[in-house]
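# Structure assessment
Here is what each chain is made of, one letter per residue.
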Amino acid sequence: MKYIINVCLLISLSQTLLANAGLYAGGPVYKNRNYSISELKGSGYTCLVVWTIHIDASGNLNFNAEFPLVQNGVYIGASSYPNFVSDIASLKTAPTTINRLEFCLSAWGSSTFANIRNLINAQGTGPSSILYRNFQVLKNTFPTVDAIGFDDESTYDVNSATAFAVMLGGLGFKISLVPYTAASFWTGVATNTNNQRPGTVDRIDLQCYAGGAGNNPCNWNFGNIPVYAGLWDQEKTTSQVQSQLTTWKNNCGIDGGFMWLYDDFDNTTGTEAYAAAINNAFAGGGGTTVATFYKDCNYSGNSVALTPGNYTLSSLQARGIVNDDISSLTVQSGYRLTLYWDDNFGGASLVKTASDACLVDDGWNDKVSSLVISTLATAAAARVQAKEGITISSSPGQQELKLFDAPPQGNIPIRIYDIMGRTVMTVRPVSNRINIARLAPGVYVLTYSLDGRQVSRRFVR
């Protein structure tokens, strides 16, 4: 008989309903990888733009004038940052909220697009050209990078920019345009590129900060190409970002937002807070808020609506919920709220499957420090799975994974990885249990072999 291990999860980080929330990130991605990679993967952003590649007159690629990336058709970035390739790959490896990766080109004061124009005029964009060869090796080296962003802020040559975009499309890249002015240039590149290679330009990141601070997305027309409005943390607080994006969503129908710049708030609560502001503005990016939490009893006072997912104290605070400050709540039918007395899903817990006008009678007024919103179907599915094979129960904060109804064959070797992809445990279940007390609170991936294939499941400690 074949037995399958099914993990009953109260959360799934990568499945939490999130908006189209983008983030531009520079040097910290490779300079501060000890925290930046894990922070970005758990941030709540769905699109990460690694900023920015400059192209010199010879066609060489260089990140931020800080380290050479590709020269003469050869990737040489490992000599400066040997972990850069694996780190970029891991950004989209579960558990993560990121589902789109981009490398951006150029910036204010860069000659990148002038050099592109000159190189195309001299060599074209065929397989023998230096631009083709260098970007082919870039795609081969970084296969998880989905798109190349165009941040041309001075050259504005439609013909060469179009030819370059079509070439990149042929190599497997999508193109994001990053305008702040010169609207006719950008619409020309988008139209001409997609006429030649349909679907290549699939995103517009409109700069509505700094030089583009006066931009209103309602005044930009890219047809069916989705527009994402960008704001700057040095100009807008999280509440101002949420308010402005909500207004533009309602008035202009924008599809999402992005933040400039991770380098300003990396390794702080600001990373998650600005992602939350975007996600709140777009109500989960097509998902539905299913629970609302109120400061006072009788559904009054400040309120915050949330989508299904897991919320630590920092997550709640980023969304405007103060520690120990929930007095009433509403929840839609079919959903389950698990409230926790302490941060990181610790301490006493209280389950609610219906709205409650006042938590006083439960002894839970102003007590919540973390919570989980899940569907009732999750628990029901786990009960069904228990009849079909081995079921592992995983609840945030518990000390061990329990294997229910496990036969002797269930004593299989299991490897556990952290969010960075590092092996943290290799064990065999003992009496159908795995002790995870030594693991720090967080999201992990459990893997095992079943009939010659690798199976992975996520769980939360």
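Refer to the structure printed above.
Now for a quick tour of the structure. Because the structure is predicted, anything quoted here is derived from the model rather than measured. (Residues numbered from 1 in each chain as written. Predicted model: local features only at pLDDT ≥ 70, side-chain atom pairs only at ≥ 80, totals over all residues. Heavy atoms only, no water.)

### What about the overall build of the protein?
Scanning the protein from N- to C-terminus turns up 12 helices and 26 strands. The proportion of buried residues among the 461 residues of the protein is 53%. Across the protein, the fraction of contacts at a sequence separation of at least 24, relative to all contacts at a separation of at least 6, is 71%. Here the protein has roughly 18700 Å² of accessible surface; of this, 46% comes from carbon and sulfur atoms. (Helix = DSSP H or I, 4+ residues; strand = E, 2+ residues; numbered from the N terminus. Buried < 20%, exposed > 50% of the residue type's maximum accessible area, 1.4 Å probe, protein only. Contact = heavy atoms within 4.5 Å. Areas by Shrake-Rupley, 256 points an atom, 1.4 Å probe, with all protein chains shown as cover.)

### Here's the deal with the sheet that holds strand β16 (residues 328-331)
If you walk across this open sheet you meet the 3 strands as β14-β13-β16, and the pairing is antiparallel. A strand with exactly one partner marks an edge of an open sheet, and here the two such strands are β14 (300-306) and β16. With direction set aside, neighbouring strand axes in the sheet form an average angle of 20°. In terms of strand pairing, strand β13 (residues 291-296) meets β14 through 5 bridges, oriented antiparallel. Counterpart to T292 in the pairing with β14 is A305. (Pairing = 2+ DSSP bridges. Axes fitted to C-alpha atoms, helices over the stretch in contact; angles between N-to-C directions.)

### Section: the nonpolar core
In this structure, F84, F103, F135, L138, F150 and F164 are the most contacted members of the largest nonpolar core, which totals 76 residues. Of all the elements, helix α5 (residues 130-141) adds the most residues to this core, at 6 residues. When residues no more than four places from it in sequence are discounted, the contact partners of F84 are V29, Y30, V50, F63, F67, L69, Y75, F103 and F142. Formed by 19 residues, the second largest nonpolar core is a distinct cluster that contains V304, L329, L350 and V368. (Core = buried A, V, L, I, M, F, W, Y, C linked by side-chain atoms within 4.5 Å.)

By themselves, these figures tell us nothing about what the structure is for.
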